[in-house]
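# Breakdown of the fold
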Amino acid sequence: MREVAVVAFAQTRHSATDEGQSDSELVMPPLEEVREQTGLRTFGFTCSGSCDYLAGTPFSFVSALDALGAWPPISESHVEMDAAWALYEAWVRLQHGDVDSALVYGFGKSSPGDLREIMTLQLDPYYLAPLGLDQVSAAALQASAAGAGRAELDEIVRRSRAAGRVNPYALDLPDPDGEAFEVEPLRPYDIAPITDGAAAVVLAAGDLARELCEHPAWITGIAHRIEPHYPGMRDLARSASAAEAARAAGVDKGHVDVAELHAQFSHEEVILRRALALPETTAVNPSGGPLAANPVMATGLIRIGEAARRILDGTASRTVGHASSGPCLQHNLVTVMEA
Amino acid sequence: MGNPCAVIGIGQTHYTTRRRDVSIAGLVREAALRALQDADLTWKDIDAVVIGKAPDLFEGVMMPEAYLADALGAAGKPMMRVHTAGSVGGSTALVGASLIQGGVHDRVLVVAFEKQSESNATWALSTHLPFSASLVVGAGGYFAPHIREYLRRSGAPAHIGHLVAVKDRRNALKNPYAHLRIPGIDQKMVESTPMLWEPIRYLDTCPSSDGACAMVLSAGDKVTGSTPAWVLGTAMRSEPIFRAGRDTVNPQGGKDCAADVYRQAGITDPRREIDVAEVYVPFSWYEPMWLENLGFAAEGEGWKLTESGATALDGDIPWNASGGVLSSNPIGASGLIRFAEAALQVRGMAGEHQVDGARRALGHAYGGGAQFFAMWMVGSDRP
């Protein structure tokens, strides 16, 4: 595989409420920031991730392209997925050897809609969606199956929110405090907050990466796997796809200093830690993770960006960024980065 | 351009107004199974699945790749979902090809679909309501002014569009998968249909179809099945929709994308060196417009090629021998169908609409406000 690294990462100061910015307005500052960080104004390939159902309108990526400034015309693509998969597509594109740089960005505003209801439309349209099984209820089924203890979940939330409070980009959320169940066994604070935001990453290959920054975060492994859709066809207490993606990406080939996990519910961190076989010594979600800020469609890319940042700033030598998609951790992407 | 990549399997469903007998999952699986059969492979031989479709609002399923993972044998494998507006079918093939050219996988299944009967596409395309009034209705309303501008610039006579409508529908009669099959179609019939968006008449436009198309792509050393189609060049280009000064009649993105593909495939004179082209023509007038944009004719001259019969099945550069988007339009799949039909031609497997001796074929798709482009060149000879 060709050497490819994350050389720049930027994100918005995420918001829990609609601050009146359009998707394009959200995207512009992080795009400009990664251009400044790298000094690059043009890129060999560009790929974005977003989802029309958040905006409630088709082609929501078209206006983001206008914000990007695609003139003269650029080599560009879009995944209707979390932008972590846009990063994957860009990484694949860089493997050809004919282009050396790629710009990746993702954005999403979940504040204008009802995310729980919207995510219900991800379910099988003939049998599951009509039941109205919403995202949180599906997650609660998984939480029950995982059987994580309340103390462990509370500790995950406390740690995530504390980390989020010192992360200038995440939300300022109080410590969990005795709330009633949202859907048993999940309490409101076990659920990632509604968040608007965007993020951008620059990938570069070989010598260009070395030129662009002092400590490129080399992608030494990246892989993803999907599982059957029906919750009944999976062992919800485990994440077979996360474990297999982690194996394929080579997570176990060295010590992981930092892992940023796309856990949108506190119990998902428990399942993912186990699937990735992360030891106690790995710092999990030092950014606060999705429980401190969850701009849907950018959250997974932010996990990769946050994990890369630790290498870019020289504070870690081997990190993992994880992204998830689909109900109950159906689809998982794992990226290993090294100094 | 990376590792050699070949098309070794192609599967299509019959395109039709309503497929009530299958679910969305059943529809995509039907195309995928046919592609696997063509490649002489089974699900276990596939390393990854790439799926494409137009907006989720078309069927009302958010991120349907999650639900379709089982139907496409993707469980335990990587699966990705591409969405680049109308060009998505083409982009889906290109992402699949990338996975092979980049050396990541040996065999990739690409699938694109639309089951428009499960929704209301015009509603799904009516953007930005109720906050700002839409000045256009549907895609035809958006593209008609660009066509009028083409007519003004080129001085093309009014009947050219109808010639394309007739030609493509006649070709469709030779394609067993085509949706619109209109025996006895002629210019008079097209002219007798209602004007929808001046100058586009009812029969100058594409239908709304249910359907799916699938392809198995393979690394050069893993080829199975009968004759492969080799990928000779691939490119995507995008430009902003609202850039002032953008030429929507002859977009720069389309020109650049074609130039990139021709460069990779070693084409210097597309009209002479390309044997057959499957080009995204959802409104008949887009044939002369794209003839110019893709370098088959000089600016203002595309309509003359159409009028001369050069693009007919027996002409020197047949365009849309399959009947094209004008005959079958499951939107998200339409681009992939163009790419697949180009491959069928160079494999010599296009049946009644086969162009004799086709060795090099262009597959083309466009989308958004004529701002997203995806193209590939395939050939019968290994590069």
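So, here's what we can say about the structure. Not measured: the values here are computed from a predicted model.

Below, the discussion takes up the overall build of chain A. Check the secondary structure of chain A and you find eleven helices and ten strands. Taking 339 residues into account, the globule formula puts the C-alpha radius of gyration at 20 Å, and chain A, at 19 Å, falls close to it. Taking the principal axes of its C-alpha atoms as reference, chain A extends roughly 50 × 45 × 35 Å. Burial analysis of chain A (339 residues in total) assigns 67% to the buried set.

Residues and elements named next belong to chain B. Tracing the sequence through the fold places T92 in helix α3 (residues 88-101). A relative accessible area of 0% places T92 in the buried class. Discounting residues that sit within four places of it in the chain, T92 has contacts with V50, I51, G52, V82, V110 and V111.

With that out of the way, let us pick up the nonpolar core. If you look at the biggest cluster of nonpolar residues, it comprises 175 residues, and the most contacted ones within it are A:L203, B:M215 and B:F296. Among residues more than four places away in sequence, those in contact with B:M215 are B:V7, B:G9, B:I10, B:A35, B:A93, B:V108, B:L109, B:V110, B:L336, B:F339, B:A340 and B:W376. Core analysis: the next-biggest nonpolar cluster, separate from the first, contains 33 residues, A:A8, A:F43, A:L208 and B:A85 among them.

Once that is clear, we can look at the interface of chain A and chain B. Contacts between the two partners involve 54 residues from chain A, matched on the other side by 54 residues from chain B. Summed over both sides, the interface of chain A with chain B buries roughly 4600 Å², with 67% coming from carbon and sulfur. Counting the contacts that link chain A with chain B gives zero salt bridges. Linking chain A to chain B there are 17 residue pairs in polar contact (both at pLDDT 80 or more). Mapped by element, the contributors of at least two residues to the side of chain A that touches chain B are α2 (52-55), α3 (60-68), β3 (76-79), α4 (83-94), α5 (115-120) and β6 (217-226) of chain A. Among the elements that take part in the side of chain A that touches chain B, α4(A) stands out by supplying six residues, more than any other.

Below, the discussion takes up the packing of α4(A) against helix α11 (residues 299-312) of chain A. Between α4(A) and α11(A), the shortest axis-to-axis distance is 5 Å and the interhelical angle comes to 60 degrees. Contacts from A:A83, A:A84 and A:L87 of α4(A) reach α11(A) at A:G300, A:L301 and A:I304.

All names here are of chain B. Tracing the backbone shows R169 in helix α6 (residues 160-172). Buried charged residue R169 carries no salt bridge. Nearest counter-charge: D204, at 6.2 Å. Non-local contacts of R169, meaning those with residues more than four positions away in its chain, are made with L180, I182, I185, L203, T205, L326 and S327.

This next bit is on the pattern of salt bridges. All names here are of chain A. Within this structure, the stated rule accounts for 46 salt bridges over all chains. Close ionic contact of R116 with D134 constitutes a salt bridge, the shortest N to O distance being 2.9 Å. Here D134 lies in the loop between α5 and α6 (135-146) and R116 lies in helix α5, a separation of 18 residues in the sequence. A relative accessible area of 14% places D134 in the buried class. Notably, a salt bridge pairs D175 with R165, separated by 3.3 Å at the nearest N-O pair. With D175 in the loop between α7 (150-165) and β5 (196-205) and R165 in helix α7, this pair connects stretches of sequence that are ten residues apart.

Take the pairing of strand β1 (residues 4-11) of chain A next. Strand residues, when the strand is regular, have side chains that alternate between the two faces of the sheet. Residue and element names in this part refer to chain A. Counting buried residues in β1 gives eight out of eight residues, a clear majority hidden from the surface. Two strands pair when backbone bridges link them, and β1 and β5 are joined in this way by seven bridges, in the antiparallel orientation. Bridging from a neighbouring strand, A8 pairs with V202 of β5. As judged from the two bridges shared by β1 and β6, these two strands associate in the antiparallel manner. Within β6, the residue paired with A5 across the bridge is W218.

This part covers the pairing of strand β10 (residues 360-367) of chain B. Residue and element names in this part refer to chain B. Where burial is concerned, most of β10 is hidden: seven out of the eight residues are buried. Bridging between strand β9 (residues 276-278) and β10 involves three bridges; their strand directions are parallel. Following the sheet pairing, E278 is matched in β10 by G363. Pairing of β10 with strand β11 (residues 372-379), which is carried by eight bridges, proceeds in the antiparallel orientation. In the strand pairing of β11, H364 is matched with M375. Hairpin connection from β10 to β11: four residues lie between these consecutive antiparallel strands, with G368 at a positive phi of about 60 degrees.

Before going further, it helps to examine the packing of α6(A) against helix α10 (residues 266-275) of chain A. Residues and elements named next belong to chain A. Where α6 contacts α10, the two axes come as close as 9 Å, and the packing angle between them is 50 degrees. Taken together, the axis directions place α6 and α10 in an arrangement best described as oblique. As α6 runs across α10, the sense of the crossing is left-handed. Within the contact between the two elements, α6 uses A139, Q142, A143 and A146 and α10 uses H267, E268 and I271. Partitioning the contact of α6 with α10 into residue classes produces four nonpolar, two polar and one charged.

Moving on, we get to the environment of A:V166. Structurally, the position occupied by A:V166 is in the loop between α7 and β5. For A:V166, a relative accessible area of 70% corresponds to the exposed category.

With that out of the way, let us pick up the environment of A:V256. Mapped onto the elements of the fold, A:V256 is located in the loop between α9 (240-249) and β7 (258-260). You can call A:V256 buried: its relative accessible area is 3%.

The next thing to look at is unusual backbone geometry. Residues and elements named next belong to chain A. Cis peptide bonds are those with omega within 30 degrees of zero, and the linkage from W71 to P72 qualifies with -5 degrees. Summarising the element assignment, P72 is placed in the loop between α3 and β3. Residue E184 is joined to P185 through a cis peptide bond whose omega torsion reads 10 degrees. Along the chain, the position of P185 falls in the loop between α7 and β5. Phi at A277 takes a positive value of approximately 50 degrees, unusual for a residue other than glycine. On the secondary structure map, A277 appears in the loop between α10 and β8 (283-284). Look at A277 and you get exposed, because its relative accessible area is 60%.

All names here are of chain A. Under the criterion given, the structure shown has six cavities of 30 Å³ or more. Each pocket or cavity is described by its volume, and for the largest cavity that value is around 290 Å³. If you go around the largest cavity, you meet 24 residues; those closest to its centre are M119, Q122, Q135, Q264 and G326. Elements with a minimum of two residues in the lining of the largest cavity: α5, α6 and β9 (318-325). A per-class count over the lining of the largest cavity returns twelve nonpolar, nine polar and three charged.

Residues and elements named next belong to chain B. Its 13 residues place the ends of α6 19 Å apart at the C-alpha level, agreeing with the 18 Å of an ideal helix rising 1.5 Å per residue. All of the buried residues in α6 are I160, G161, H162, V164, A165, V166, K167, D168, R169, N171 and A172. On the buried face of α6, the contacting elements are α7 (187-191), β6 (200-201), α10 (286-293), α11 (302-308) and α12 (324-327).

Quick notes on the rules
Residues numbered from 1 in each chain as written. Chains lettered and ligands numbered in written order. Predicted model: local features only at pLDDT ≥ 70, side-chain atom pairs only at ≥ 80, totals over all residues. Heavy atoms only, no water. Helix = DSSP H or I, 4+ residues; strand = E, 2+ residues; numbered from the N terminus. Rg over C-alpha atoms; globule rule 2.2 N^0.38 Å. Buried < 20%, exposed > 50% of the residue type's maximum accessible area, 1.4 Å probe, protein only. Contact = heavy atoms within 4.5 Å. Core = buried A, V, L, I, M, F, W, Y, C linked by side-chain atoms within 4.5 Å. Buried area = accessible area lost by both parts, 1.4 Å probe. Salt bridge = Lys/Arg side-chain N within 4 Å of Asp/Glu carboxyl O. Polar contact = N/O pair within 3.5 Å; in protein donor to acceptor, adjacent residues only side chain to side chain. Axes fitted to C-alpha atoms, helices over the stretch in contact; angles between N-to-C directions. Lys, Arg positive; Asp, Glu negative; His and termini not counted. Pairing = 2+ DSSP bridges. Parallel < 35°, antiparallel > 145°, perpendicular 65-115°, else oblique. Left-handed = near helix turned anticlockwise from the far one by under 90°. Nonpolar A, V, L, I, M, F, W, Y, C, P; charged D, E, K, R; others polar. 1 Å grid on protein atoms, 1.4 Å probe; cavity = no way out; pocket = protein on both sides within 12 Å on 5 of 7 lines; lining within 4 Å. Points joined across faces, edges and corners; volume = space filled by probe spheres on them. Expected span 1.5 Å × (residues − 1).

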